[in-house]
Amino acid sequence: MNFIRSLVHVLWMAITVIPWALFVVLISYFVSSTRLYWICAGWLRLAVNSGTWILGIKNRIQGMENLPLGTKDPAVLLVKHQSTWETFVMPAIMPHPLAYVFKKELLHVPFFGWAMGRLDMIHIDRKQRSRAFAKVVQQGRRLMEEGVWVIMFPEGTRIPRGQKGEYKSGGARLAIAAGVPVIPIAVTSARCWPTRAFVKTPGVVDISIGRAISSEGRSAEELMLEVETWIESEMHRLDPEAYPESCPEALPQANSAASGH
């Protein structure tokens, strides 16, 4: 049954993304970037809802009160990355437009990539690291001044349930360069949508938003360590079955950890 539900969901996504993407590309020449973003976020909300209707995946969100309140208040969101689910969910639940930092190769994905290319986001060439980061800072500053939050996955790729990737400091470096806070977010999506798996299972995905962490006077390594500590500790709390006591994962230690609990 889960295989059939997963197949139906993939087909539904494939069918709906084609007219949506073509529509986005067409109207991108006539509407503002903000308006275009919310049109795309509408399709992503539909994608998330279809995950509930077809796959039986529900979201349980906590910590929304930790998000900045002002319409122009800047932030860098640093999110645990386990599956495609959180890439759909974040624009669907966040009150601000988001700008993803992603590799430019995604722009070549038929339809979906074409639509992404029309949005005001930050696509980089990973082969040119110094130039890529300069672009992230330049565009990130401009976008956050306009009320757009930059979202990044500090582990860089999807990480299987119960595991931890290497947390890269790019998000912390951007926050320090722009003088804005970071917001750590833990997501247990692999509980229902395993990393790189076709078959999904019904269940609840917990999304926990931590308190904003100031970047003022911090080194990138220190700031990212605090983010890593909070996210991984929160992952243990939200999904204890993935971290059995018989094989505990050593968590990094930080002088202080942001906590929304």
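Bear in mind that the values here come from a model prediction, so they are computed numbers and not experimental data.

Enquirer: For the packing of helix α5 (residues 129-145) against helix α6 (residues 170-178), give the residues involved together with the corresponding values.
Expert: Put simply, α5 and α6 touch, their axes get as near as 10 Å, and they point 55 degrees apart. With respect to α6, the axis of α5 lies oblique. Viewed along their axes, α5 and α6 form a crossing whose handedness is right-handed. Residue-level contacts link Phe133, Val136, Val137, Gly140, Arg141 and Met144 of α5 to Gly170, Arg173, Leu174, Ala177 and Ala178 of α6.

Enquirer: Can you break down the sheet that holds strand β7 (residues 203-209) residue by residue, with the values?
Expert: Strand order across the open sheet formed by seven strands is β1-β7-β6-β2-β5-β3-β4, with mixed pairing between neighbours. Looking along the sheet, the strands with just one partner apiece sit at the ends: β1 (57-62) and β4 (122-124). Between one strand and the next, the sheet's axes are offset by a mean angle of 20 degrees, whatever the strand orientation. Pairing between strand β6 (residues 182-187) and β7: three bridges, direction antiparallel. The residue bridging isoleucine 185 from the neighbouring strand is isoleucine 209, located in β7. Relative to the sheet, helix α2 (residues 33-55) contacts β1 and β3 (98-103), its axis offset from that of β1 by approximately 120 degrees.

What counts and what doesn't
- Residues numbered from 1 in each chain as written.
- Predicted model: local features only at pLDDT ≥ 70, side-chain atom pairs only at ≥ 80, totals over all residues.
- Heavy atoms only, no water.
- Axes fitted to C-alpha atoms, helices over the stretch in contact; angles between N-to-C directions.
- Helix = DSSP H or I, 4+ residues; strand = E, 2+ residues; numbered from the N terminus.
- Parallel < 35°, antiparallel > 145°, perpendicular 65-115°, else oblique.
- Left-handed = near helix turned anticlockwise from the far one by under 90°.
- Contact = heavy atoms within 4.5 Å.
- Pairing = 2+ DSSP bridges.

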